[in-house]
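Inside the fold
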Amino acid sequence: KLEKFANSQRPVPATIDWIDVAGLVKNAHKGEGLGNRFLATVRECDAICHVVRMFDENTSSSNNVVHVNGKVDPVQDAEIVNLELLLADLAHVQRRLDKSSCIDEERSVLDKVLHSLSTGIPARSIGLTSTEMKCIKSMGLLTLKPVLYAFNVDEIDFLMGRKDINNDASKIFQSIQYTDLSRDSMAVVSAKLEADLYEINDEDTQQQQYKRMEYLSSLGMDLDEGLLDEEHRDDEKDETANIDNMLSHRILPSIIQKMLNLAIAYTGPGVPPERSRTTRAHLFSNNDDGIGLTASGLAGKIHGDIQRGFIRSEVSSASELLLYENYNAAKDAGCVRTEGRDYVLESNEVVLVKWK
């Protein structure tokens, strides 16, 4: 919407990088199953998304997927990984404490973390302050990272038994040891369903939507036959969009955004149409301590020269801006205000940086 409002050539959405790490095995903290390499990769991330199998090979159409342990036990699978992360952190913290260079506040905080890990409590559950977390940030502690459990179910349960499967997943989530229910989260996904949907391709977008909805209908999903009629194409698109909103590429990033307390700001509107090439979304940390992204910091995200030449910024709410025909009309209505370089942005604000 903002792209059309600004008459930009293209939108540039904000992105979250997802790094695929193979499943950890028991004793990964000792290096088994390439554990050290995988754990080092996870340490560099901001959050962990753990895909947990819930479908059973005897009832699922994915009956050729044999569980490594010979049985499907979501709680045990999740706890094995959680324990490996905890043990890896325990060894990591102990090694750091053994060094003479670990002094003052860092030592004090790590002593607190060591005690919690020794009693089976993840580091994220002991209420470290932002100052304490900053002090040990370089450690990349695995149990400091919030965990999103993505419970992978078969396509029938995902479409036909959503209420029951969500209830089951919620019970499993609350039963997993070493989980922080106040920091962690969960979602239900179906990798099989999504793989099948993405295999249905057609150069004609309407035909592709039609075929995908036929597939969903064949699985027993209750779709109004009228949605497939030519005169109901708009309804079809709405229905397809609703299905799309149930899939992992929409659900998981949204949950991660909330878990990491990330906000979005936009640039592009306000630039003259002849120079408006992009409307860009920017993700930034919306810290509880009030230390977020400043107007000057956002200018730096666009280009260093813009930050160095920063004069002022024009700030408005995206929702309010879209009520008007164009940017100048919004300014005339008083919806755009002027802020300085130290202004801390709030979520869903549109910023136009003036610079020289």
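Refer to the structure printed above.
Quick caveat, the model's predicted, so the values are computed rather than measured. (Residues numbered from 1 in each chain as written. Predicted model: local features only at pLDDT ≥ 70, side-chain atom pairs only at ≥ 80, totals over all residues. Heavy atoms only, no water.)

1. Notes on the layout of surface pockets
- There is about 750 Å³ of room inside the second largest pocket.
- Along the walls of the second largest pocket sit 25 residues, with Thr267, Val271, Thr278, Ile302 and Ile306 positioned nearest its centre.
- Elements supplying a minimum of two residues to the lining of the second largest pocket: β6 (278-285), α12 (295-302) and β9 (349-355).
- Partitioned by chemical class, the residues of the lining of the second largest pocket number 13 nonpolar, 7 polar and 5 charged. (1 Å grid on protein atoms, 1.4 Å probe; cavity = no way out; pocket = protein on both sides within 12 Å on 5 of 7 lines; lining within 4 Å. Points joined across faces, edges and corners; volume = space filled by probe spheres on them. Helix = DSSP H or I, 4+ residues; strand = E, 2+ residues; numbered from the N terminus. Nonpolar A, V, L, I, M, F, W, Y, C, P; charged D, E, K, R; others polar.)

2. Regarding unusual backbone geometry
- One non-glycine residue with positive phi stands out, namely Asp104, at about 50°.
- Relative to the helices and strands, Asp104 is located in helix α4 (residues 104-118).
- Phi is positive for Asn261, close to 55°, though the residue is something other than glycine.
- Along the chain, the position of Asn261 falls in the loop between α11 (248-259) and β5 (262-267).
- Overall, Asn261 belongs to the partly exposed group, its relative accessible area being 29%. (Buried < 20%, exposed > 50% of the residue type's maximum accessible area, 1.4 Å probe, protein only.)

3. Here's the deal with the packing of helix α3 (residues 74-97) against α4
- Packing of α3 against α4 brings their axes to within 10 Å, and their N-to-C directions diverge by 145°. Like other packed secondary-structure pairs, α3 and α4 cross with a definite hand, here left-handed. From α3, Leu86, Asp89, Leu90, Val93, Gln94, Arg96 and Leu97 reach across to α4, where they touch Glu106, Arg107, Leu110, Asp111, Val113, Leu114, Leu117 and Ser118.
- When grouped by side-chain class, the residues that make up the contact of α3 with α4 number 8 nonpolar, 2 polar and 5 charged. (Axes fitted to C-alpha atoms, helices over the stretch in contact; angles between N-to-C directions. Left-handed = near helix turned anticlockwise from the far one by under 90°. Contact = heavy atoms within 4.5 Å.)

4. Some thoughts on the sheet that holds strand β4 (residues 185-189)
- Read across the open sheet, the 3 strands follow the order β2-β3-β4; overall the sheet is parallel. Strand pairing shows two members of the sheet lacking a second neighbour, β2 (48-53) and β4, which therefore form its edges. Between one strand axis and the next, the sheet turns by 25° as a mean value, whatever way the strands run.
- Across 6 bridges, the pairing between β2 and strand β3 (residues 147-152) is parallel. (Pairing = 2+ DSSP bridges.)

5. Considerations on the nonpolar core
- Counting 32 residues, the largest nonpolar core has Tyr149, Phe151, Phe158 and Leu193 as its most contacted members.
- The contacts of Tyr149, once residues within four sequence positions are left out, are His50, Val52, Ala78, Asn82, Phe173, Ile176, Thr179, Asp184, Ser185, Met186 and Ala187.
- With 16 residues, the next largest nonpolar core counts Leu117, Leu128, Leu144 and Tyr178 among its residues. (Core = buried A, V, L, I, M, F, W, Y, C linked by side-chain atoms within 4.5 Å.)

6. Details of empty space enclosed by the protein
- Evaluated as defined, the whole model comprises 1 cavity of 30 Å³ or more.
- Along the walls of the largest cavity sit Asn82, Leu85, Pro122, Arg124, Thr143 and Tyr178, which together make up its complete lining.
- Within the lining of the largest cavity, the residues separate by chemical class into 3 nonpolar, 2 polar and 1 charged.

7. Quick word on the environment of His282
- Tracing the backbone through its elements, the reader meets His282 in strand β6.
- For the pair His282 and Tyr266, spaced 16 residues apart in sequence, the C-alpha to C-alpha distance is 6.1 Å.
- Excluding residues that lie within four positions of it along the chain, His282 makes contacts with Ala14, Ala263, Ile264, Ala265, Tyr266, Thr267, Leu298, Lys301 and Ile302.

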